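# Observations on chain architecture
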Amino acid sequence: TSTTVQDYEQVLAAIEEEPPTIEIYALGGSNNEWTYENTNFAGEDFVITSDYIFPQKSDPSSASGGLLEFWFFTNSDNSEYIELSIMDYNGIQLLQRSSSGLTRLRKTTFRASSEEYLLKIVCFDNTLTLLLNNSVMFSEELTDTSGDKIFLFGKDFVGGIPRIENFKFWNLEGVEIN
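Residues numbered from 1 in each chain as written. Predicted model: local features only at pLDDT ≥ 70, side-chain atom pairs only at ≥ 80, totals over all residues. Heavy atoms only, no water.

Moving on to the sheet that holds strand 6 (residues 91-98). Pairing is antiparallel across the open sheet formed by 6 strands, whose spatial order is 2-11-4-5-6-7. The two strands at the open ends of the sheet, each matched to only one other strand, are strand 2 (34-36) and strand 7 (101-108). With strand direction ignored, the average angle separating the axes of adjacent strands in the sheet is 15°. Here 7 bridges tie strand 6 to strand 7, and the two strands are oriented antiparallel to one another. Residue Leu-94 lies in a different strand from strand 7, and its bridge partner there is Arg-106. (Pairing = 2+ DSSP bridges. Helix = DSSP H or I, 4+ residues; strand = E, 2+ residues; numbered from the N terminus. Axes fitted to C-alpha atoms, helices over the stretch in contact; angles between N-to-C directions.)

Written out as structure tokens, the structure is:
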């Protein structure tokens, strides 16, 4: 069954009173690429929320800005995963890396109109939904996932490293969704 708007709204409502599995004030902010990895940063059904902050640009029309990249459902040797990439200039991509190569599942046009965005990722019932500032960017059904580890990367992309603040992760195992 595919996830409807009502389904992920119910998931978000279910975690309102739940403490997050992981909570971090800030990641990134230096001039170096960064990676976040934690043994508790895993799950088949989960929610991630954070403030996503693009690097400041001297010219708002320039093709600069950082790359925020998630790897979901990563297997034990990190060779198979679902990749979500968010870039100010090049848009949003959802890719699947498997033994047969890299497949683009979704590409969404995106151009940052401000420096900061509220990011929400809801993965529930084999569907990943991305919201930026509470607007749905896409909802995509996922198949053939092979692991449950999650990684998060901030990378330079033509002049800046993104950072995230108020990062929260909920593993939905045991959370009652009405």
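This paragraph deals with the pattern of salt bridges. Applying the stated criterion across every chain, the model contains 2 salt bridges. The residue Glu-23 makes a salt bridge to Lys-168 at a minimum N-O spacing of 3.8 Å. Here the residue Glu-23 occupies a position in strand 1 (residues 22-28), and Lys-168 occupies one in strand 12 (residues 163-171), the gap between them amounting to 145 residues. Residues Glu-140 and Arg-106 are paired through a salt bridge, measuring 2.9 Å at the closest nitrogen-oxygen approach. (Salt bridge = Lys/Arg side-chain N within 4 Å of Asp/Glu carboxyl O.)

Here we take up the packing of aromatic side chains. Across all of its chains, the model carries 12 aromatic pairs by this definition. Measuring from centroid to centroid gives 5.9 Å for Phe-46 and Phe-169, while their planes differ by 35°, and the two rings are tilted. Here Phe-46 is found in strand 3 (residues 46-53), whereas its partner Phe-169 is found in strand 12, with 123 residues between them in sequence. What makes Phe-46 buried here is its relative accessible area of 0%. Seen in terms of ring centroids, Phe-70 and Phe-72 are 5.4 Å apart; in terms of plane orientation they differ by 10°. Their pairing is stacked. Among the aromatic residues, ring-to-ring pairing joins Tyr-36, Phe-41, Phe-46, Phe-70, Phe-72, Phe-73, Phe-167 and Phe-169 into one connected group. (Phe/Tyr/Trp six-rings, centres within 6.5 Å; stacked < 30°, edge-to-face > 60°. Buried < 20%, exposed > 50% of the residue type's maximum accessible area, 1.4 Å probe, protein only.)

Moving on: the nonpolar core. Counting 35 residues, the largest nonpolar core has Phe-72, Leu-84, Ile-121 and Leu-152 as the members making the most contacts within it. With near-sequence residues (within four places) excluded, Leu-152 lies in contact with Leu-27, Trp-34, Thr-35, Tyr-36, Phe-41, Leu-68, Glu-69, Phe-70, Ile-164 and Phe-167. If you look at the next biggest cluster of nonpolar residues, it comprises 12 residues, including Tyr-8, Ile-15, Val-122 and Leu-131. (Core = buried A, V, L, I, M, F, W, Y, C linked by side-chain atoms within 4.5 Å. Contact = heavy atoms within 4.5 Å.)

Taken together, 6 strands build an open sheet; the order of strands is 1-12-3-8-9-10 and the sheet is antiparallel. Each edge of the sheet is formed by a strand with only one pairing partner; in this case those strands are strand 1 and strand 10 (135-141). Pairwise comparison of adjacent strand axes, ignoring direction, gives a mean angle of 15° for this sheet. With 7 bridges connecting them, strand 3 and strand 12 associate as antiparallel partners. In the strand pairing of strand 12, Phe-46 is matched with Asn-171.

Structurally, Gln-96 can be placed in strand 6. Using a relative accessible area of 14% as the deciding quantity, one classes Gln-96 as buried. Here Thr-143 takes part through its backbone oxygen, which lies 3.1 Å from a polar atom of the side chain of Gln-96. Ignoring any residue separated from it by four or fewer positions in sequence, one finds Gln-96 in contact with Tyr-81, Ile-82, Gly-101, Leu-102, Thr-103, Leu-105, Thr-143, Asp-144 and Thr-145. (Polar contact = N/O pair within 3.5 Å; in protein donor to acceptor, adjacent residues only side chain to side chain.)

What follows deals with the side chain of Thr-108. Note that Thr-108 resides in strand 7. Residues within four places of Thr-108 in sequence aside, it is in contact with Gly-91, Ile-92, Met-137 and Phe-138.

Inspection of the secondary structure puts Tyr-81 in strand 5 (residues 81-87). The exposure class of Tyr-81 is buried, given its relative accessible area of 8%. Along the backbone, Tyr-81 and Phe-70 are 11 residues apart, and their C-alpha atoms lie at a distance of 9.5 Å.

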